[in-house]
Each structure stands twice: as C-alpha cells, then as structure tokens.
Amino acid sequence: MMRELVFLMGQYEARLPCDRRYARNHMWCLHLEGDRYRFGFSAYAVRLMRDVYFLDWQIAPGTTLRVSQPIGHIETSKATSDLFAPADGTLIAFNTLLLQDPSWINVEPYERGWLFDMACAAAPGMPAEDYVAFLAPAWEKAQKLLKRQMNLRDPGGSVSGGPA
C-alpha cells in the first residue's frame, strides 16, 4: 500500500500520497521518467473548489512555459479561476479524458483526474510532509473566509446587511 498523509479539513480528509511533490498552488507533481512529470490538483484543492465542471487550456502541447505563466481556466461550483504553470518546462500532453469529462478531477484527483504532463529540469514543489505544514495556516485562513461568507447570509439565504 502506498504511504500517504492525511490533512483534516473539518470532517473531510484530504489524502496526500507521499510519492508526489506538492506546489504552493496546490498541484501535485509525480515523476514519470527522465524529465517527464505529471501534474494534477491535490485533494485539498479539490475540496476547496468543490465540483469541477469545465476546464479550458490556452496553450498547446510543445509550448515552453515559465513558472506562473497562465495556461488555462477552470470553472467549479465555487468560482472561475485561471490556471498557472507550476514550473518552468515544456508542456507534453493534456489529459484528454478531462476535456470530455472534467468531473474525474473530483472523483480521482491522483489517478484519472491528472491535468497534464510536462518536461522539467527537476521536480518542483515540496514533499508531502512539508505540504501538510504549509496547509495548516492556509486552512485557517480558508475557514475564516468561509465563515465570513456564511455569516453574510441569513437563514432565508439572502445577503444581510443591506436595505430591507
């Protein structure tokens, strides 16, 4: 059985396989062979995004990327967000399964829900143990934001604080 760490997000367990590295943008990185690495979203990111229902890429395979370069967009039940390159390298391939059905990101983020493969000089990111330490203060901030959003709504679901 593969070793993994668990980060608790309230009652939800974000499972983090230890065979990967994790970036601050909550992507995981798995070494495949040579300079080829596979990337996807961590269980932590998937939980915060909720349901992913649309994914769009702005670049094509063969594109040379710089870290933090915009590469696409993702739409979830929570928001629409830009996606950024997690490292310097060359995009090799996208997971074409996700273009047909991006819900694999929600169901199997570490298997069928991977995003893309890149050729990189070295594996970006941090080991799972360091990522868990990085997540603790990030989760505290996320909880405060979520609670603040919940407090803006009254039991009827309308935004409070405005004119009646």
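Since we're looking at a predicted model, the values are computed, not measured.

A few words now on unusual backbone geometry. Within the chain, Arg 50 stands out as a residue other than glycine whose phi angle is a positive 70°. Relative to the elements of secondary structure, Arg 50 occurs in the loop between α1 (43–49) and β6 (52–57). According to the relative accessible area criterion, Arg 50 is partly exposed, its value standing at 37%. Non-glycine residue Ser 68 carries a positive phi angle of around 75°. Structurally, the position occupied by Ser 68 is in the loop between β7 (64–65) and β8 (70–76).

Turning next to the nonpolar core. One recurring pattern in soluble globular proteins: nonpolar side chains tend to sit buried together. Judged by nonpolar contacts, the single largest core of 26 residues is most densely connected at Phe 41, Ile 105, Leu 115 and Phe 116. Within the residue set of this core, elements represented by two or more residues are β4 (27–33), β5 (36–41), α1, β6, β8, β10 (89–94) and β11 (116–119). In contact with Phe 41, not counting residues within four places along its chain, are His 26, Met 27, Trp 28, Val 46, Met 49, Ile 74, Leu 83, Ile 105, Pro 109, Tyr 110 and Leu 115.

Of note, Gln 69 is situated in the loop between β7 and β8. Spatially, the C-alpha atoms of Gln 69 and Ala 87 are 8.8 Å apart, while their sequence positions differ by 18 residues. For Gln 69, the contacting residues outside a window of four places in its chain are Thr 64, Leu 83, Phe 84 and Ala 85.

This next bit is on the confidence of the model for the chain. Low-pLDDT portions of the prediction should not be read for the details of their coordinates. The predicted model of the chain averages 87 in pLDDT, with 87% of residues at 70 or higher. Below a pLDDT of 50 lies the segment residues 157–164, which in the model reaches seven contacts outside its immediate sequence neighbourhood of four places, other chains included.

According to the stated counting rule, one finds eight aromatic pairs in the structure shown. Taking 6.0 Å as the distance between ring centres and 40° as the angle between the ring planes, the aromatic pair formed by Trp 28 and Tyr 110 counts as tilted. In this pair, Trp 28 sits in strand β4 while Tyr 110 sits in the loop between α3 (104–107) and β11, placing the two residues 82 residues apart along the sequence. Classification of Tyr 110 as buried rests on a relative accessible area of 13%.

The next subject is the pairing of strand β1 (residues 4–9). Alternating residues of β1 divide into Leu 5, Phe 7 and Met 9, all buried, and Glu 4, Val 6 and Leu 8, none buried. Sheet analysis places β1 next to strand β2 (residues 12–17), joined by six bridges and oriented antiparallel. Within β2, the residue paired with Leu 8 across the bridge is Glu 13. Hairpin connection from β1 to β2: two residues lie between these consecutive antiparallel strands, with Gly 10 at a positive phi of about 70°.

This part is about the pattern of salt bridges. A complete count under the given rule lists eight salt bridges for this structure. Taking the shortest distance from any N to any O, the salt bridge between Asp 19 and Arg 20 comes out at 2.9 Å. Arg 20 sits in the buried class, given a relative accessible area of 5%. Of the charged contacts in the structure, one is a salt bridge between Arg 36 and Asp 117, with a shortest N-O distance of 2.7 Å. Pair noted here: Arg 36 is in strand β5 and Asp 117 is in strand β11, with a separation of 81 residues, a long-range link. Classification of Arg 36 as partly exposed rests on a relative accessible area of 28%. You can call Asp 117 buried: its relative accessible area is 0%. Several salt bridges converge on common partners, so that one network encompasses Glu 4, Glu 13 and Arg 15.

The rules behind these values
Residues numbered from 1 in each chain as written. Predicted model: local features only at pLDDT ≥ 70, side-chain atom pairs only at ≥ 80, totals over all residues. Heavy atoms only, no water. Helix = DSSP H or I, 4+ residues; strand = E, 2+ residues; numbered from the N terminus. Buried < 20%, exposed > 50% of the residue type's maximum accessible area, 1.4 Å probe, protein only. Core = buried A, V, L, I, M, F, W, Y, C linked by side-chain atoms within 4.5 Å. Contact = heavy atoms within 4.5 Å. pLDDT = per-residue confidence, 0-100. Phe/Tyr/Trp six-rings, centres within 6.5 Å; stacked < 30°, edge-to-face > 60°. Pairing = 2+ DSSP bridges. Salt bridge = Lys/Arg side-chain N within 4 Å of Asp/Glu carboxyl O.

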